[in-house]
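# Coordinate analysis (summary)
The primary structure of each chain is shown beneath.
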Amino acid sequence: MNATFISLPRNGRIVSNNQVFNVQNGVATPLTGTKSIKMVVVKIGKAVKRYPVWVPNQVFTDDAGQTYLLAQAETESKVAKRAKVIGAGYIIVRKNVAEAWVNGQKVEFPTHLTNELGVRYMFVNFKDYGEVCKRVNGYCKAHKVEPILVDTNAKVGQRVESIVFGVREHDTILEEGMVLVQNKFHGETYKMKVAKLEQNYELKSCDETGIEEWVPKNIVQEWTWTRENVVGVLWGSFEFLAGAMINITDPEDVYGCNYTVFNGNDVAPGSHFIDAVFEPANPLPKVWLEERELSGIASVLEAIPKTTYVQIAMPFEVIAC
């Protein structure tokens, strides 16, 4: 087994499986090189104990009480057998379409899924739901400020697991024409098209291990938001978001970002800086955010006249330097 051993600093604690937090100075340090903590080894005197790090978002229950296991293409056969033994179903993304299977039969995908911690996610289509969020809440213009690390050692076919605050947000496979990326502030990993990397970032440095640091260009994008917990299909896999910022800049590449990662918290600054906020002049009722995405929602939206948006005052003034 290939493993990298790290020492937990004095007064330290693990805040997720890719960050170590120093209680004394209040600094969270992500593990670089897209590493993650799989096991904690504790030595007490001469005794050594090993504790695996458990990551939620592997087992779900729908509103009717049916249990589902999370499967990937390479694990489907194994997961399906386990599900049959324990009387569960399983969920999987196949050709960018979410599927649910119970007793060997494909069933309608659940409207909601609740994970092991009791977090209830609503199943959405990110593109259509992003438009709903925009018409309910409005949108903002923001630019990214968080640098990223690119692992040049990553190979096509390698697993890409994104962990945010100790919870699995995304799990996929690295494909041709993409790179493995890690956000520097919060430590989560994901994949990115090489063309988008070169379009939105500039190479700053590269260390002896092949880890490159890229800094964002001052590119302004449009984002909307929701406080609902949502799950949808993104880049060939499921994306779980507990509160979401949704990038609606490119209609053909709508994706989400964890709300706290985007805006920051006491552990790390936000990944983006908001330049301006706009609210709808005639917003849709907020109940729209609580309803499941239906196949006809796009046509319903088309039938509703689009609203105009009004810029609102910010609590601070943005001064160009």
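Calculation notes
- Sequence order as written defines residue numbering, which begins from 1 separately in each chain.
- Restriction of local features to residues with pLDDT of at least 70 applies here, the model being predicted, together with a cutoff of 80 or more for giving and counting side-chain atom pairs; totals for whole chains, interfaces and linings are based on all residues.
- The side-chain quantities take in all heavy atoms of the structure and omit both hydrogens and water.
- For the purposes of this entry, the term helix denotes a DSSP run of H or I that reaches at least four residues, the term strand denotes a run of E that reaches at least two, and both are numbered from the N terminus.
- For the exposure calls, accessible area comes from a 1.4 Å probe over protein chains only, and a residue counts as buried if that area is under 20% of its type's maximum, exposed if over 50%, partly exposed in between.
- Any pair of residues with heavy atoms lying within 4.5 Å of one another is described as a contacting pair.
- Residue-level accessible areas treat just the shown protein chains as cover; the underlying method is Shrake-Rupley with a 1.4 Å probe.
- Note: the arc covers the axis-to-C-beta directions of the helix.
- At least two bridges found by DSSP between two strands is the condition for calling them paired.
- Convention adopted: a line fitted to C-alpha atoms gives each axis, helices being fitted over their contacting stretch, and angles between N-to-C directions are expressed from 0 to 180 degrees.
- Definition of a polar contact: a pair of N or O atoms within 3.5 Å, with one able to donate and the other able to accept a hydrogen when the atoms are protein atoms, and with sequence-neighbouring residues admitted only if both atoms are side-chain atoms.
- We define a nonpolar core as any set of buried Ala, Val, Leu, Ile, Met, Phe, Trp, Tyr and Cys residues linked to one another through side-chain atoms lying within 4.5 Å.
- Note on handedness: a crossover is taken as right-handed if, strands pointing away from the viewer, the path from the first strand over the helix to the second is clockwise.

### Quick look at the overall build of the protein
On a plain count of helices and strands, the protein comes out with five helices and 25 strands. When the 321 residues of the protein are sorted by exposure, 45% land in the buried category. Put simply, 58% of the contacts in the protein that link residues at least 6 apart link residues at least 24 apart. A total accessible area of about 17,500 Å² is found for the protein, and carbon and sulfur atoms account for 53% of it.

### Details of helix α1 (residues 76–86)
When we look at burial in α1, the residues that qualify are Glu76, Val79 and Ala83. An end-on view of α1 places all buried positions within 65° of arc, on one side of the element. Every exposed residue of α1 that faces more than 90 degrees away from the buried side is listed here: Ser77, Lys78, Lys81, Arg82, Lys84 and Val85. On its buried face, α1 sits against β7 (67–70) and β8 (89–94).

### Overview of the sheet that holds strand β18 (residues 189–193)
Strand order in the open sheet formed by five strands is β18-β17-β14-β20-β19, and the pairing between neighbours is antiparallel. Both edges of this open sheet fall to β18 and β19 (201–206), since each of them pairs with a single strand only. Strand-to-strand twist of the sheet, defined as the mean angle between neighbouring strand axes without regard to direction, takes the value 40°.

### Some details on the environment of Asp253
Among the secondary structure elements, Asp253 is positioned in the loop between β22 (237–247) and β23 (255–258). Considering only alpha carbons, one finds Asp253 and Leu234, 19 residues apart in sequence, at a separation of 9.1 Å. In this structure the side chain of Asp253 is engaged in a polar contact, spanning 2.5 Å, whose partner is the side chain of Lys196.

### Considering the environment of Tyr255
Here Tyr255 is to be found in strand β23. Distance from Tyr255 to Trp235, taken between C-alpha atoms, is 8.9 Å for residues 20 residues apart in sequence.

### Things to note about unusual backbone geometry
With a phi close to 65°, Asn96 is a non-glycine residue in the positive phi region. Note on Asn96: relative accessible area 51%, which makes it exposed.

### Things to note about the nonpolar core
Judged by nonpolar contacts, the single largest core of 32 residues is most densely connected at Phe126, Tyr129, Cys140, Trp223, Val230, Met245 and Ile246. When contributions to this core are tallied by element, the ones reaching two or more residues are α2 (126–137), β13 (139–144), β21 (220–234), β22, β23, α4 (259–263) and β24 (272–280). Formed by 15 residues, the second largest nonpolar core is a distinct cluster that contains Phe60, Ile91, Val102 and Leu113.

### Overview of the pairing of β7
Consecutive side chains of a regular strand alternate in pointing toward one face of the sheet and then the other. Where strand β6 (residues 59–61) and β7 come together, three bridges link them in antiparallel fashion. Note that in β7 the partner of Val59 across the bridge is Leu69. With antiparallel pairing between neighbouring strands as the criterion, β6 and β7 make up a hairpin whose turn holds five residues, including Gly65 at a positive phi of roughly 95°. Here β7 pairs with β8 via three bridges, running parallel. Looking across to β8, one finds that Leu69 is bridged to Tyr90. The handedness of the β7 to β8 crossover, carried by α1, is right-handed.

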